[in-house]
Amino acid sequence: MSEGTKKTILTCAQPTGQLHLGNYFGAVRNWVSFLDDHECFFGIVDQHAITTPYVPAELRRSTYRTVALYIACGLDPAKCRLFAQSHVIGHTELAWILGCLCPLGQLERMTQFKEKSQREDAGFVGSGLLFYPVLMAADILLYNADIVPVGEDQKQHIELCRDLAIRFNNTYSETFKVPDVSIPRDGARIRSLQSPDKKMSKSDPNQSGCVYLLDPPDRVRKKIMSAVTDSGREIRALPEKPGIANLLGILAAATGTPVAELEAAHAGKSYGEFKAVVADAVIACLEPIQKRFSEIDGDKAYLDSVFKEGADTAQARAYKTLAKVYRKAGFVPRPR
Ligand code: AMP
Ligand code: TRP
């Protein structure tokens, strides 16, 4: 397939410096599968990261770690564009224009905003947190992405992005592609090992519920062996057994075997035996990632070169879109 006919995939994630199994199975691994036959852009959204209180030096460090982790997970810089959002002029500019088209009520109704702003430990809630989904829409529309692969929790934000694309096209004239969302089937929602009613998350107050890709094998085993289950004995993915269903989902994602087959294969095992199988599978899945990460983490010159290449290509595309948008919005041409 030649460049011009390839569809554009774009997705982004926050520079947490840590990815957990939910990020990997629900997102990053799915992105890798697009590399060969799509034009791929992967943004590390450092501007999103400042919507909640943070420490600048840590943001810088974790942005490098995040790009190193992505590369270790298989996002080969020779096959895709890895860029930092703040390196590309246009994200915040387009967000402003889209924001002027976005009803306030729609932002106030966003599940993620409500969750984050109403948490007991939310602390200071800046208006950036409310505006976040508009910036996310700009991230996507700036590149005229065809497909946006994300986890299920981001579906509502993509809906907003689609609404804003349509509203812009109707208000001015046809400009943006209305992007499609792609949500992986297996592992679309990995849950906390300690509270399987909640998604696995780095902000889980109980950190033993969250397995990080860089956790050493003994820690992975410990977390999985102490996962919350139930008082029954059956290894089945039933709604009333969220803990076991989650472990089955994790095993399915780690081994590529459908849940139904796993239920049959492990019927009759004790929960302890089953957890040991899950732990082995996850450890084996993480081993090559950890090895590659240790080779590149700390090689700042290499990581900077990856960012530069990514930003150069991303910027060329972003400028094109921004120029078109500014013209349609009625701004006078920028003096040269
Ligand atoms: P975040 O770390 O929240 O910025 O998420 C990065 C990507 O991972 C997004 O596409 C999320 O939808 C996805 N993701 C985060 N947590 C989970 C989870 N527990 N299960 C599945 N996907 C997730
Ligand atoms: N909001 C997304 C998350 O928390 C990250 C994100 C920002 C994103 N901009 C994006 C994802 C654009 C896809 C496309 O996971």
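Student: Sorry, what's going on with the domain arrangement of the protein chain here?
Tutor: How big an interface is tends to be stated in terms of accessible area lost as the parts join. Structurally, the protein chain comprises domain 1 (3-187 + 299-329) and domain 2 (191-294). Computed from C-alpha atoms alone, the centre-to-centre distance between domain 1 and domain 2 is 28 Å. Residue-level contacts link 18 residues of domain 1 with 19 residues of domain 2. Between domain 1 and domain 2, the buried area comes to about 1,800 Å², and carbon and sulfur atoms account for 71% of it. The largest per-residue losses of area from domain 1 upon contact with domain 2 belong to His20, Leu21 and Ala72, which jointly make up 32% of the total buried on that side. Our count for the domain 1 to domain 2 interface comes out at one salt bridge. Linking domain 1 to domain 2 there are four residue pairs in polar contact (both at pLDDT 80 or more). Among the secondary structure elements, those contributing two or more residues to the side of domain 1 that touches domain 2 are helix 1 (21-32) and helix 3 (56-72).

Student: Could you clarify how one ought to interpret helix 3 in this entry?
Tutor: The α-helix winds at 3.6 residues per turn, so residues separated by three or four positions along the chain end up facing the same way. With 17 residues, helix 3 should cover 24 Å at 1.5 Å per step; its first-to-last C-alpha distance of 24 Å lies within 8% of that length. If you check which residues of helix 3 are buried, you get Leu59, Ser62, Thr63, Tyr64, Thr66, Val67, Ala68, Leu69, Tyr70, Ile71 and Ala72. In the stretch just after helix 3, glycine 74 is the one whose phi turns positive, near 115 degrees.

Student: Which parts of the structure should I look at to understand the nonpolar core?
Tutor: If you look at soluble globular proteins, the nonpolar side chains tend to sit buried side by side. The biggest cluster of nonpolar side chains holds 62 residues, and the ones touching the most others in it are Leu21, Phe25, Tyr70, Leu75, Leu82, Ile224 and Val282. Element by element, the count of residues in this core is highest for helix 12 (residues 271-296), at 12 residues. Setting aside residues up to four positions removed in sequence, isoleucine 224 forms contacts with Leu193, Val211, Leu247, Lys275, Val278, Ala279 and Val282.

Student: Would you mind showing me how to read the packing of helix 4 (residues 91-99) against helix 7 (residues 127-141) here?
Tutor: Interhelical geometry of helix 4 versus helix 7 gives an angle of 120 degrees and a closest axis separation of 8 Å. As for how helix 4 packs across helix 7, the hand of that crossing is right-handed. Along the contact surface, helix 4 presents His91, Thr92, Leu94, Ala95, Leu98 and Gly99, while helix 7 presents Phe131, Val134, Leu135, Ala137, Ala138, Asp139 and Leu141.

Student: I'm lost on the site of ligand 2 in this one. Help?
Tutor: As a matter of local geometry, ligand 2 sits amid Leu10, Thr11, Cys12, Val45, His48, Tyr132, Met136, Asp139, Ile140, Val148, Val150 and Gln154. Contact between ligand 2 and aspartate 139: a nitrogen atom at 2.7 Å from a side-chain N or O atom of the residue. Looking at the shell around ligand 2, the elements that each hand over two or more residues are strand 1 (7-13) and helix 7. When residues in the shell around ligand 2 are grouped by element, the largest group, four residues, is from helix 7. Its residues placed into classes, the shell around ligand 2 shows eight nonpolar, three polar and one charged.

Student: Even after reading the chapter, I still don't get the environment of proline 217, so can you show me in this structure?
Tutor: Its location among the elements puts proline 217 in helix 9 (residues 217-225). On the basis of relative accessible area, proline 217 is assigned to the partly exposed category, the value being 41%. For the pair proline 217 and methionine 110, spaced 107 residues apart in sequence, the C-alpha to C-alpha distance is 37 Å. The contacts of proline 217, once residues within four sequence positions are left out, are Ile283 and Gln290.

Student: What exactly am I supposed to notice about the pairing of strand 1 here?
Tutor: Residues in a regular strand point their side chains to alternate faces of the sheet. Counting buried residues in strand 1 gives five out of seven residues, a clear majority hidden from the surface. As judged from the seven bridges shared by strand 1 and strand 2 (residues 38-44), these two strands associate in the parallel manner. Within strand 2, the residue paired with threonine 11 across the bridge is phenylalanine 42. Handedness of the crossover joining strand 1 and strand 2 through helix 1 is recorded here as right-handed.

What counts and how
- Residues numbered from 1 in each chain as written.
- Chains lettered and ligands numbered in written order.
- Predicted model: local features only at pLDDT ≥ 70, side-chain atom pairs only at ≥ 80, totals over all residues.
- Heavy atoms only, no water.
- Domains from an automatic or database assignment.
- Contact = heavy atoms within 4.5 Å.
- Buried area = accessible area lost by both parts, 1.4 Å probe.
- Salt bridge = Lys/Arg side-chain N within 4 Å of Asp/Glu carboxyl O.
- Polar contact = N/O pair within 3.5 Å; in protein donor to acceptor, adjacent residues only side chain to side chain.
- Helix = DSSP H or I, 4+ residues; strand = E, 2+ residues; numbered from the N terminus.
- Expected span 1.5 Å × (residues − 1).
- Buried < 20%, exposed > 50% of the residue type's maximum accessible area, 1.4 Å probe, protein only.
- Core = buried A, V, L, I, M, F, W, Y, C linked by side-chain atoms within 4.5 Å.
- Axes fitted to C-alpha atoms, helices over the stretch in contact; angles between N-to-C directions.
- Left-handed = near helix turned anticlockwise from the far one by under 90°.
- Near = heavy atom within 4 Å.
- Nonpolar A, V, L, I, M, F, W, Y, C, P; charged D, E, K, R; others polar.
- Pairing = 2+ DSSP bridges.
- Right-handed = clockwise from strand over helix to strand, strands pointing away.

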